[in-house]
Amino acid sequence: MRKSVQILFVLFSFLFVIPAVFGASHAAYFKFDEQVFSVEVGSTFQIQVMVDAGSDQVVSADAYIIYDSSLLEATSITDGTFFPVVSSNIASGKVSIYGLPDTAVFYKTGSGTLATITFKGLKDGTGTITYDCKSDASDTSKIIKNDTDATNIIVCDSNERADVTVGTGGSSSSSSSSSSSSSSSSSSSTLPQSGILDNIIKYALPGIVLLILGTAVRFIL
């Protein structure tokens, strides 16, 4: 009887623990094609705004990108190919990009480029480009799942940031304009870089599986 209970415990570990570990690395989030940029004063660079749907099907995405408008100027936006319909808006210190479906049965999986933003360096300095993402706001970054509830499945803490050096660098600049992002920039500066959790799971998971298998064989024998 005791051995049967132990075997059932091991089976439940496979059913619930392992899926939870795998699921932790598959959250939907926004990222950039690169995370470090250098540009001369008066010159431009391009950064790709990318959607990662993780293991889900998604139907739309809203990306709100914030930056220091005294350091950088967003000059243009080029539509990406991940969504069939893309609209965008440039404001001082903030870029808004919306990826939308073109049919009622549309959905996307995996990752791809929502749009490409061209920035111009305005003065010597350093700063960051981040995603404005807050759970208690409507005009915030979202990734919408393909379900009847149109669930927002974005995990804000997984969003990436990009560090920018203009000219000789110098004094550090805020990651957002002073009018719109004081609350989100503080949390963005401490966000973990994407990929750390993936690497932990990649190397730790085989050991976890072997440990559970070894325990199961021991109980059975």
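## Some points on the packing of aromatic side chains
Two descriptors summarise a pair of aromatic rings, namely the distance from one centre to the other and the angle between the planes of the rings. Counted according to the given criterion, the structure contains 8 aromatic pairs. Residues Phe45 and Phe119 carry aromatic rings whose centres are separated by 5.7 Å and whose planes lie at 25° to one another, so their mutual orientation is stacked. With a gap of 74 residues between them, Phe45 in strand β3 (residues 44-52) and Phe119 in strand β8 (residues 111-121) connect regions that are remote in the sequence. By way of ring pairs, the aromatic residues Phe37, Phe45, Tyr67 and Phe119 are connected into one cluster.

## Regarding the state of the cysteines
On inspection of all chains with the given rule, the structure shows 1 disulfide. The disulfide partner of Cys133 is Cys156, and the gap between their sulfur atoms is 1.9 Å. Taking the torsion about the S-S bond as the criterion, the Cys133 to Cys156 disulfide, at about -65°, is left-handed. With Cys133 in the loop between β9 (125-131) and β10 (142-145) and Cys156 in the loop between β10 and β11 (162-166), this residue pair connects regions lying 23 residues apart in the sequence. A relative accessible area of 11% places Cys133 in the buried class.

## A look at the nonpolar core
Counting residues in hydrophobic clusters, the biggest one holds 38 residues, and the most contacted among them are Ile97, Ile117 and Ile129. Every residue in contact with Ile117, bar those within four places of it in the chain, is listed here: Phe45, Gln46, Ile47, Val49, Ile65, Ala74, Ser76, Ile77, Val95 and Ile97.

## Brief notes about the pattern of salt bridges
Across all of its chains, the model carries 5 salt bridges by this definition. Here Asp52 and Lys31 are joined by a salt bridge, their closest N and O atoms 3.4 Å apart. Here the residue Asp52 occupies a position in strand β3, and Lys31 occupies one in strand β1 (residues 29-32), the gap between them amounting to 21 residues. The buried category is assigned to Asp52, whose relative accessible area is 14%. A relative accessible area of 16% means that Lys31 is categorised as buried. For the salt bridge of Lys145 with Asp56, the shortest nitrogen-to-oxygen distance reads 3.7 Å. One end of the pair, Lys145, is in strand β10; the other, Asp56, is in the loop between β3 and β4 (58-66), and 89 residues separate them in sequence.

## Quick look at the sheet that holds β1
Strand order in the open sheet formed by 4 strands is β1-β3-β8-β5, and the pairing between neighbours is antiparallel. On the outer flanks of this sheet lie β1 and β5 (72-79), each paired with one strand and no other. Each strand axis lies, on average, 30° off the axis of its neighbour in the sheet, ignoring direction. Alignment of β1 against β3, held across 4 bridges, turns out to be antiparallel. Residue pairing across strands places Lys31 opposite Met50, the latter belonging to β3.

## Overview of the pairing of β11
Residues of β11 alternate between two faces, with Ala162, Val164 and Val166 buried on one and Asp163 and Thr165 left unburied on the opposite face. Taken together, the 4 bridges between strand β2 (residues 36-39) and β11 define a ladder with parallel strand orientation. Following the sheet pairing, Val36 is matched in β11 by Asp163. Note that β9 and β11 share 5 bridges and pair antiparallel. Within the sheet, the bridge partner assigned to Gly127 lies in β11 and is Val164.

## Here we look at the confidence of the model for the chain
Atomic detail in the predicted coordinates should be set aside for any region of low pLDDT. When pLDDT is averaged across the chain, the result is 79; 65% of the residues are at 70 or more. The low-confidence segment residues 8-25, where pLDDT is below 50, has 22 contacts with residues more than four positions distant or belonging to other chains.

## Concerning the side chain of Asn159
Examined against the element boundaries, Asn159 turns out to sit in the loop between β10 and β11. Judged by its relative accessible area of 2%, Asn159 is buried.

## Brief notes about the pairing of β4
Burial runs high along β4: 9 of the 9 residues are buried. Of the pairings in the sheet, the one linking β4 to β10 comprises 4 bridges and is antiparallel in character. Bridging from a neighbouring strand, Val58 pairs with Lys145 of β10. With 6 bridges joining them, β4 and strand β7 (residues 94-100) adopt antiparallel strand pairing. Bridging across to β7, Asp62 finds its partner in Tyr98. One ladder, built from 2 bridges, connects β4 with β9; its direction is antiparallel. Within the sheet, the bridge partner assigned to Ile65 lies in β9 and is Tyr131.

Reading the values: the criteria
Position numbers for residues start from 1 in each chain and track the written sequence from start to end. In view of the model being predicted, local features appear only for residues whose pLDDT reaches at least 70, and side-chain atom pairs are presented and counted only at 80 or more, with totals across whole chains, interfaces and linings using the full set of residues. Here the side-chain values reflect all heavy atoms present in the structure, with hydrogen atoms and water set aside. Paired rings are identified among Phe, Tyr and Trp, the last through its six-membered ring, by centres lying within 6.5 Å, and are further divided according to the angle between planes into stacked (under 30 degrees), edge-to-face (over 60) and tilted (the rest). Numbering of helices and strands runs from the N terminus; a helix is a DSSP stretch of H or I covering at least four residues, while a strand is a stretch of E covering at least two. Two cysteine sulfur atoms make up a disulfide if the distance between them is within 2.5 Å. Categorising residues by exposure relies on relative accessible area from a 1.4 Å probe, with only protein chains included: less than 20% of the type maximum marks a residue as buried, more than 50% marks it as exposed, and the intermediate range marks it as partly exposed. We define a nonpolar core as any set of buried Ala, Val, Leu, Ile, Met, Phe, Trp, Tyr and Cys residues linked to one another through side-chain atoms lying within 4.5 Å. Only heavy atoms enter the contact rule, under which two residues are in contact if any of them lie within 4.5 Å. Any carboxyl oxygen of Asp or Glu that lies within 4 Å of a side-chain nitrogen of Lys or Arg is treated as forming a salt bridge with it. Criterion used throughout: strands pair if DSSP finds at least two bridges between them. Under this scheme, a helix contributes an axis fitted over its contacting stretch, all axes are lines through C-alpha atoms, and angles between N-to-C directions fall in the 0 to 180 degree range. pLDDT is a residue-level measure of predictor confidence that goes from 0 to 100.

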